[in-house]
Each structure stands twice: as C-alpha cells, then as structure tokens.
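Here is what each chain is made of, one letter per residue.
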Amino acid sequence: MKHDIGLTVNGVATSATVDSRTLLVHLLREQLGLTGTHVGCDSSNCGACTVLLDGEAVKSCTVLAAAADGASLVTVEGLGSEGDLSPVQEGFRQCHGLQCGYCTPGMLIAATSLLLDNPDPAEEEIRSGLEGNLCRCTGYQMIVESVRWAAEHGGAGAVAAAERDGARA
Ligand code: FES
Ligand code: FES
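In this numbering scheme, every chain counts its residues from 1 along its sequence in written order. Naming scheme: in the order in which they are written, chains are lettered from A and ligands are numbered from 1. For a predicted model such as this one, the threshold for reporting local features is a pLDDT of at least 70, and the threshold for listing and counting side-chain atom pairs is 80 or more; totals across whole chains, interfaces and linings nevertheless cover every residue. Side-chain measures here rest on the full set of heavy atoms in the structure, leaving out hydrogens and waters.

Considerations on unusual backbone geometry
In the Ramachandran plot, Ser44 falls in the positive-phi region, its phi being about 65° despite a non-glycine side chain. Where helices and strands are cited, they refer to DSSP runs of H or I of at least four residues and of E of at least two residues respectively, numbered from the N terminus. Of note, Ser44 is situated in the loop between α1 (24-31) and β3 (50-53). Positive phi values are uncommon outside glycine, yet Asp54 reaches one of about 50°. Tracing the backbone through its elements, the reader meets Asp54 in the loop between β3 and β4 (56-59).

Observations concerning the packing of helix α4 (residues 104-117) against helix α7 (residues 158-168)
Orientation of α4 relative to α7, taken along the N-to-C sense of each, is 60°, at an axis distance of 10 Å. As the angle between them shows, α4 and α7 are arranged oblique. As α4 runs across α7, the sense of the crossing is right-handed. When α4 is examined against α7, the residues Thr112, Ser113, Leu116 and Asp117 are found in contact with a partner set consisting of Ala160, Ala161 and Arg164. Just so you know the grouping, Ala, Val, Leu, Ile, Met, Phe, Trp, Tyr, Cys and Pro go in nonpolar, Asp, Glu, Lys and Arg go in charged, and all remaining residues, Gly too, go in polar. For the contact of α4 with α7, the residue count by class is 3 nonpolar, 2 polar and 2 charged. Geometry is summarised by axes, namely lines fitted to C-alpha atoms with helices restricted to the contacting stretch, and by angles between N-to-C directions that run from 0 to 180 degrees. Each angle gets one of four labels, with under 35 degrees taken as roughly parallel, over 145 as roughly antiparallel, 65 to 115 as roughly perpendicular, and the rest as oblique. For any helix crossing, the convention is left-handed if the near helix is rotated counterclockwise from the far helix by under a right angle, and right-handed if that rotation is clockwise. Every residue pair with non-hydrogen atoms within 4.5 Å of one another is taken to be in contact.

Some thoughts on the sheet that holds strand β2 (residues 12-19)
When DSSP locates at least two bridges between a pair of strands, those strands are taken to pair. Sheet architecture is open: 5 strands sit in the order β2-β1-β5-β3-β4, paired in mixed fashion. With partners counted over all chains shown, the strands left at the sheet margins are β2 and β4, one partner each. Taken pair by pair, the neighbouring strands of this sheet meet at an average axis angle of 40°, ignoring direction. Sheet strands touched by α1: β1 (2-9), β2, β3 and β5 (72-74). Its angle to β2, the strand with the most contacts, is close to 110°. Contacts between α7 and the sheet are confined to β3, β4 and β5, with β5 contributing the most and set at about 160° to the helix.

The following block contains the structure:
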C-alpha cells in the first residue's frame with residue numbers, strides 16, 4: 001500500500017509517496033537523496049542512522065516513513081553548513097572525533113540531542129548518552145572530547161535548539 005506523506009526535512013517542506021514498509025532511513029537516502037544518514041546494520045544496533053525527529057534523536061531504521069507524516073526532521077546535512085558548522089560538528093573537527101567517518105552522522109546527531117538534554121555533561125554522561133551509537137574504529141575517547149568541546153563552545157547549536165523548541169511549543 002502506498003502513502004502520500006508530507007514532512008519538513010532540514011527546514012524544507014517535502015512530500016513523498018512511500019510504501020507501507022518503507023523505513024525512514026530509506027526514504028531519506030533513496031528518495032530524498034540525503035545520504036549523510038548512514039545504514040550500518042538495519043537492526044537498530046549501530047546508531048549510524050540517527051536523526052532528530054520532532055527534536056528527539058531516533059534511529060531512522062526503526063521508524064516507518066509513513067509514521068513520519070507531518071513530522072519535522074533534522075539530518076546531519078541540516079545541523080550546519082560548510083563554513084558554518086554546528087558546535088558539535090566543529091568539536092569533532094577540532095578534537096579528531098572521526099576516523100573513517102561511517103558512524104559520524106549518527107554520532108553528531110546523538111551528541112546534539114545529548115547536549116539539548118544536558119548542556120554540560122560529564123565524561124560518563126557523554127559515554128552513557130552515546131551508548132546506542134557504535135564506532136567500529138573505536139575512537140570513543142576522541143568522540144567524548146569532541147562533545148566536551150561542543151559543550152564549552154555553544155552546545156547543541158541553533159538549528160537543534162530551534163527544532164526542540166518548535167516541537168515543544
Ligand atoms: Fe539504524 Fe544501525 S542502521 S541502528
Ligand atoms: Fe569509523 Fe566511527 S569513525 S566507525
């Protein structure tokens with residue numbers, strides 16, 4: 001069965017026709033061309049597919065696209081832009097928070113969500129906040145340092161804060 005849905009993605013009103021079984025991550029990647037959101041497992045284990053859905057971090061391989069009808073999404077492409085990185089993106093750049101980069105989009109979104117909830121997290125709180133996101137390059141120490149850098153330089157960032165505020169208004 002097909003569904004016509006409308007949603008906002010990175011601030012842009014978007015419409016799509018999706019199958020009942022289409023996963024949100026596949027809508028993003030294959031129909032909307034937003035390939036920054038990665039698929040690492042398709043079984044809700046790795047977190048590479050994490051996006052903000054109405055201001056909350058979700059693993060987009062666990063959400064049916066049809067269920068996102070009317071929602072507002074932020075993907076890694078929407079966090080910041082070249083020359084205007086979000087604090088979390090800049091933190092990963094400054095502190096070498098990525099190696100191969102496969103986990104990075106999900107890490108960036110999960111870290112952004114963490115900072116929305118807790119603007120000044122201790123190391124253990126960062127580790128526990130990101131435990132749903134796996135890095136096969138195992139650069140966890142640098143990732144923690146990247147998130148601490150972001151906490152000290154603007155936190156979650158304007159896009160994510162506006163998204164969370166809008167969802168709660
Ligand atoms: Fe979604 Fe791994 S692809 S959790
Ligand atoms: Fe390679 Fe995390 S940087 S999987």
